[in-house]
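Letter by letter, the chains look like this.
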Amino acid sequence: MPLNPQVRAFIEQLKASVPANAPKMWQLTPQQAREQSERFFAPFNAGGPRMRETRDLGVPGRRGSVRARLYVPGDAATSSPGLLFLHGGGFVIGSLSTHDRLARELAERLRARVLSLEYALAPEHPYPQGLDDCVDAALWLAAHATELGMQPGRLLIGGDSAGASLTAATLLRLRDEASPRLFAGAILLYGRYTAGETESLRAWGDRELILSRRQMKFFADAYGGGGAPGARPYLAPAEADLRGFPPSLLIAGTLDPLLSDSQLFAAALRRAGVQAELHVYDDGIHAFLQMPMFDMTADALARIAAFGRKTLNSRQPS
């Protein structure tokens, strides 16, 4: 079948804009890779929904204060649902800035206050430090939801790419550490949930469409390459006991090396008796939800909103 014309135009533009001799991300230092990511995503963050309020704050945790940003949409009630959002970037790159528009879109579509977390990045902070930040932020958010204008019983957690992986790992850590069930649902956007070779990685890992096999190795070596006792369930959530996981929405694209991860994780959740809704977009590339020019992005955001309504409407405000 012919390639989606919007995706084809983007790929052609991307190839034309990058010099043939430009270094690849895995050839850069982590700081250079972060700067490259900021430049790449800056144009996509222009515009976007206007918020009634955006406010930076510090979230206390075991490493100290972690920067976060609160988004309050214009139609948010005095007390509204809340979302803890964990940005993507392979645990090495990504920031509040690279995901500013997506956080705004989620706040508007879900009619929820969104707390976007700038967790610690590798290799300066290897596993489990970034995950620790996410776990600490989840516990803090649940304890302080009312102060933030959120309804404690109507909280979601979610993220994209590495942020989706961290979402899964955070929920598992909270369960394994005997925390109360804090989140009504999970939003998992094209994450990495396995540790091995998959069908989609074999098909698309060497195609250089936003995410590649060598980038993934660059990220994995920085984040958890040294290994850690007991890390496996949190670095490969599809292998974990998933009982007690909240209802989940998974989104992926057919041109993404991580497509199989979403398919495998959705199947594992269903085997554990968890409600798991998977939507796969034809010709969807990795990170497409950060790219507002695609029709599929608007459709995916609508599906996220529908999932949020369905999940949160079963929970009455506390």
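All residue numbers refer to position in the chain's written sequence, counted from 1. Reporting in this predicted model follows two pLDDT cut-offs: at least 70 for local features of residues, and 80 or more for side-chain atom pairs to be given and counted; totals over whole chains, interfaces and linings ignore these cut-offs and use all residues. With hydrogens and water set aside, each side-chain value is computed from the structure's full complement of heavy atoms.

Colleague: Explain helix H9 (residues 259–271) here, please?
Modeller: Helical periodicity: at 3.6 residues per turn, an α-helix aligns residues three or four positions apart in one direction. Where helices and strands are cited, they refer to DSSP runs of H or I of at least four residues and of E of at least two residues respectively, numbered from the N terminus. Expected span of a helix: the number of residues minus one, times 1.5 Å. Compared with the 18 Å implied by 1.5 Å per residue over 13 residues, the 19 Å span of H9 between its first and last C-alpha is a close match. In this analysis, two residues are considered to be in contact whenever any of their non-hydrogen atoms come within 4.5 Å of each other. Its buried side turned inward, H9 meets helix H5 (162–176), strand E6 (185–189), helix H6 (199–204), strand E7 (248–253) and strand E8 (276–281). Within two residues after H9, Gly 273 carries a phi angle of roughly 85°, on the positive side.

Colleague: Would you mind going over the side chain of Asp 261 with me for this structure?
Modeller: Assignment of secondary structure puts Asp 261 in helix H9. Partly exposed residues are those whose accessible area sits between 20% and 50% of the maximum for their type, while under 20% is buried and over 50% is exposed, using a 1.4 Å probe and protein chains only. Of the residues examined, Asp 261 reaches a relative accessible area of 0% and is grouped as buried. Polar contacts here mean pairs of N or O atoms no more than 3.5 Å apart (in protein, one a potential hydrogen donor and the other a potential acceptor; neighbouring residues in sequence count only if both atoms are side-chain atoms). For Asp 261, the side chain forms a polar contact with the main-chain nitrogen of Tyr 193, separated by 2.8 Å. Ignoring sequence-local partners within four residues, the contact set of Asp 261 consists of Gly 191, Arg 192, Tyr 193, Thr 194 and Thr 198.

Colleague: How do you make sense of the sheet that holds strand E3 (residues 80–86) when you look at a structure like this?
Modeller: Strand pairing in a sheet relies on backbone hydrogen bonds, with the paired strands running either antiparallel or parallel. Read from one edge to the other, the open sheet built from eight strands follows the order E1-E2-E4-E3-E5-E6-E7-E8, with strand pairing classed as mixed. At either end of the open sheet lies a strand with only one pairing partner, and these are strand E1 (51–61) and E8. Ignoring strand direction, the axes of neighbouring strands in this sheet form an average angle of 20°. For two strands to pair, DSSP has to find at least two bridges joining them. One ladder, built from four bridges, connects E6 with E7; its direction is parallel. Across the sheet, Leu 188 pairs through a bridge with Leu 250, a residue of E7. Axis definition: a line fit to C-alpha positions, over the contact stretch in the case of helices; interaxial angles, taken between N-to-C directions, run 0 to 180 degrees. This element, helix H3 (residues 100–110), spans E1, strand E2 (64–73), E3, strand E4 (113–117), strand E5 (150–160) and E6 of the sheet and lies at about 50° to E2. In the packing of helix H10 (residues 295–313) onto the sheet, contacts are made with E3, E5, E6, E7 and E8, and the angle to E8 comes to roughly 170°.

Colleague: Quick question: what am I supposed to make of the nonpolar core here?
Modeller: Nonpolar side chains in soluble globular proteins generally cluster together in the buried interior. The nonpolar core is taken to be a set of buried Ala, Val, Leu, Ile, Met, Phe, Trp, Tyr and Cys residues, with the residues joined through side-chain atoms within 4.5 Å. One finds Leu 84, Leu 115, Leu 117, Phe 183, Phe 245 and Phe 265 to be the most contacted residues of the largest nonpolar core, which totals 67 residues. A total of eight residues in this core trace back to one element, the largest contributor, which is H5. Each residue touching Leu 115, except ones within four places of it in the same chain, is listed here: Leu 57, Val 59, Ala 68, Arg 69, Leu 70, Leu 83, Leu 84, Phe 85, Trp 140, Leu 141 and Met 150. Leu 102, Ala 287, Leu 289 and Ile 304 belong to the second-largest nonpolar core, a separate cluster that totals 39 residues.

Colleague: Looking at this structure, how should I read the pairing of E6?
Modeller: The side chains of a regular strand alternate between the sheet's two faces. In terms of burial, E6 is a largely internal element, five of the five residues being buried. The alternating pattern of E6 places Gly 185, Ile 187 and Leu 189 on one face and Ala 186 and Leu 188 on the opposite face, and all of these are buried. Pairing of E5 with E6 involves five bridges; the strand directions are parallel. Residue Gly 159 lies in a different strand from E6, and its bridge partner there is Leu 188.

Colleague: Please explain H10 as it appears in this structure.
Modeller: A rise of 1.5 Å per residue sets the reference length of H10, with its 19 residues, at 27 Å; its end C-alpha atoms lie 27 Å apart and thus fit the reference within 8%. Those residues of H10 lying buried are Met 296, Thr 297, Ala 300, Leu 301, Ile 304, Ala 305, Phe 307, Gly 308, Thr 311 and Leu 312.

Bear in mind that shape data such as this cannot, by itself, settle questions of function.
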